[in-house]
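Below are the chains, spelled out letter by letter.
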Amino acid sequence: MGWRDSAELALTTLQKLEPSTSKVNMRMTEMEEALSKAEFCQNPWNPSCESSEIELYIMHEGVKVPICRSCWQEIALSDLEW
Ligand SMILES: [Zn+2]
């Protein structure tokens, strides 16, 4: 189960427990903010990857790019240059 699934499950659980309190709405907003801020892989060679298991950052065309563990393994094994 990925991090998005876990977060969505938590949101659903909160909604079920306390469906109409403002407290829940506040907590949901906080969680959604945390989700949108969460860093995920921006591998320029694999744009569809959204893993949040960031292994390291690379400088690509002057921009700091987070790379996840599995993408990094592929990059490290390949001869790609940046
Ligand atoms: Zn990745």
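In every chain, residue numbers begin from 1 and rise along the written sequence. With the structure being a predicted model, the display of local features is reserved for residues of pLDDT at least 70 and the display and counting of side-chain atom pairs for 80 or more, all residues being used for whole-chain, interface and lining totals.

(A) Broad picture of the overall build of the protein chain. Starting at the N terminus, helices and strands are each numbered in turn, a helix being any DSSP run of H or I of at least four residues and a strand any DSSP run of E of at least two. On a plain count of helices and strands, the protein chain comes out with three helices and two strands. Tracing the protein chain from N to C terminus, the helices and strands come up as α-α-β-β-α. Considering the protein chain as a whole, with its 82 residues, one finds that 7% of them fall into the buried category. Each residue is represented by a C-beta atom placed from its backbone, and any two residues with such atoms within 7 Å are regarded as in contact. Partitioning the intrachain contacts of the protein chain with sequence separation of at least 6 by distance along the chain shows that 24% fall at a separation of at least 24. Around each residue's C-beta, the other C-beta atoms within 10 Å are counted; 20 or more make the residue buried, 12 or fewer make it exposed, and counts in between make it partly exposed. All C-beta atoms are placed from the backbone.

(B) Examining the pairing of strand E2 (residues 63–68) more closely. Across six bridges, strand E1 (residues 54–60) lies against E2 in antiparallel orientation. Counterpart to Ile 54 in the pairing with E2 is Cys 68. Strand pairing is assigned whenever DSSP identifies at least 2 bridges connecting the two strands. A loop of two residues connects E1 with E2, the two strands running antiparallel in sequence, and Glu 61 in this loop sits at a positive phi of about 55°.

(C) Local environment of unusual backbone geometry. Residue Glu 61 is not a glycine yet carries a positive backbone phi of 55°. As for its position among the elements, Glu 61 is in the loop between E1 and E2.

(D) How the structure looks around the environment of Ser 52. The topology assignment puts Ser 52 in the loop between helix H2 (22–37) and E1. The class of Ser 52 is partly exposed, set by 14 C-beta atoms lying within 10 Å. Each C-alpha atom, one on Ser 52 and one on Gln 42, is 9.6 Å from the other, the two residues being 10 residues apart in sequence.

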